[in-house]
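Structural characterization, general
The lines below spell out each chain.
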Amino acid sequence: MGLDLDLCVEKLRRCEFLEEDQLKALCDRVKETMLEESNVQPVYSPVTVCGDIHGQFHDLLKLFETGGEVPTTNYIFMGDFVDRGYNSLEVFTMLLLLKARWPQHVT
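Everything numeric here is computed off the predicted structure, so don't read it as measured data.

When the terminal C-alpha atoms of helix α4 (residues 88-101) are compared, their 20 Å separation across 14 residues agrees well with the 20 Å that a helix rising 1.5 Å per residue should span. The element α4 is largely enclosed, with a buried count of eleven among its 14 residues. Burial in α4 covers these residues: Ser-88, Glu-90, Val-91, Thr-93, Met-94, Leu-95, Leu-96, Leu-97, Leu-98, Lys-99 and Ala-100. Buried residues belonging to α4 abut α1 (5-13), α2 (20-36), α3 (57-67) and β2 (75-77).

Below you can see the structure in the form of structure tokens.
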């Protein structure tokens, strides 16, 4: 049985954690995607550049509400995904899910 990325995104939006086996499968999937990508990625405009999320999951959801959902909007996430905030796991999991689901729209 494969990992249903859309269901995982909806589960995470409800602030429910993925199961450990789901998270491991997701990490493996994104790892394979990123191993195939070049270290320097072409980026096509328009694109929204984001940084310093710092584990603020609800701010990330608000960003998508304001800027547009993936894949309608292309995003570059520059780093500082986790720390400080209370929802670092949710932030990083969401970014992994979006990268796995729409790899050409999330850098």
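Looking now at the side chain of His-54. Mapped onto the secondary structure, His-54 falls in the loop between β1 (48-50) and α3. Looking at His-54, its side chain comes within polar contact range of the side chain of Arg-84, at 3.4 Å. Setting aside anything within four residues of it in sequence, one finds His-54 in contact with Asp-80, Phe-81, Val-82, Asp-83, Arg-84 and Gly-85.

Interaxial distance between α1 and α4 falls to 10 Å at its minimum, and their mutual angle equals 155°. The orientation of α1 relative to α4 falls into the category roughly antiparallel. Where α1 crosses over α4, the handedness of that crossing is left-handed. Touching Leu-5, Asp-6, Cys-8, Val-9, Leu-12 and Arg-13 of α1 are Glu-90, Thr-93, Met-94, Leu-97, Ala-100 and Arg-101, all from α4.

Moving on, we come to the packing of α2 against α4. Axes are the key here: two packed helices are described by the angle between their axes and the distance separating the axes. Interhelical geometry of α2 versus α4 gives an angle of 50° and a closest axis separation of 9 Å. The angle between the axes of α2 and α4 places the two elements in the oblique class. Judged by the sense of rotation from one axis to the other, the crossing of α2 with α4 is left-handed. Packed against α2, whose contacting residues are Leu-23, Leu-26, Cys-27, Arg-29, Val-30, Thr-33 and Met-34, the element α4 presents Leu-89, Thr-93, Leu-96, Leu-97, Lys-99 and Ala-100 at the interface. Tallied by class, residues from the contact of α2 with α4 come to nine nonpolar, two polar and two charged.

What counts and what doesn't
Residues numbered from 1 in each chain as written. Predicted model: local features only at pLDDT ≥ 70, side-chain atom pairs only at ≥ 80, totals over all residues. Heavy atoms only, no water. Helix = DSSP H or I, 4+ residues; strand = E, 2+ residues; numbered from the N terminus. Expected span 1.5 Å × (residues − 1). Buried < 20%, exposed > 50% of the residue type's maximum accessible area, 1.4 Å probe, protein only. Contact = heavy atoms within 4.5 Å. Polar contact = N/O pair within 3.5 Å; in protein donor to acceptor, adjacent residues only side chain to side chain. Axes fitted to C-alpha atoms, helices over the stretch in contact; angles between N-to-C directions. Parallel < 35°, antiparallel > 145°, perpendicular 65-115°, else oblique. Left-handed = near helix turned anticlockwise from the far one by under 90°. Nonpolar A, V, L, I, M, F, W, Y, C, P; charged D, E, K, R; others polar.

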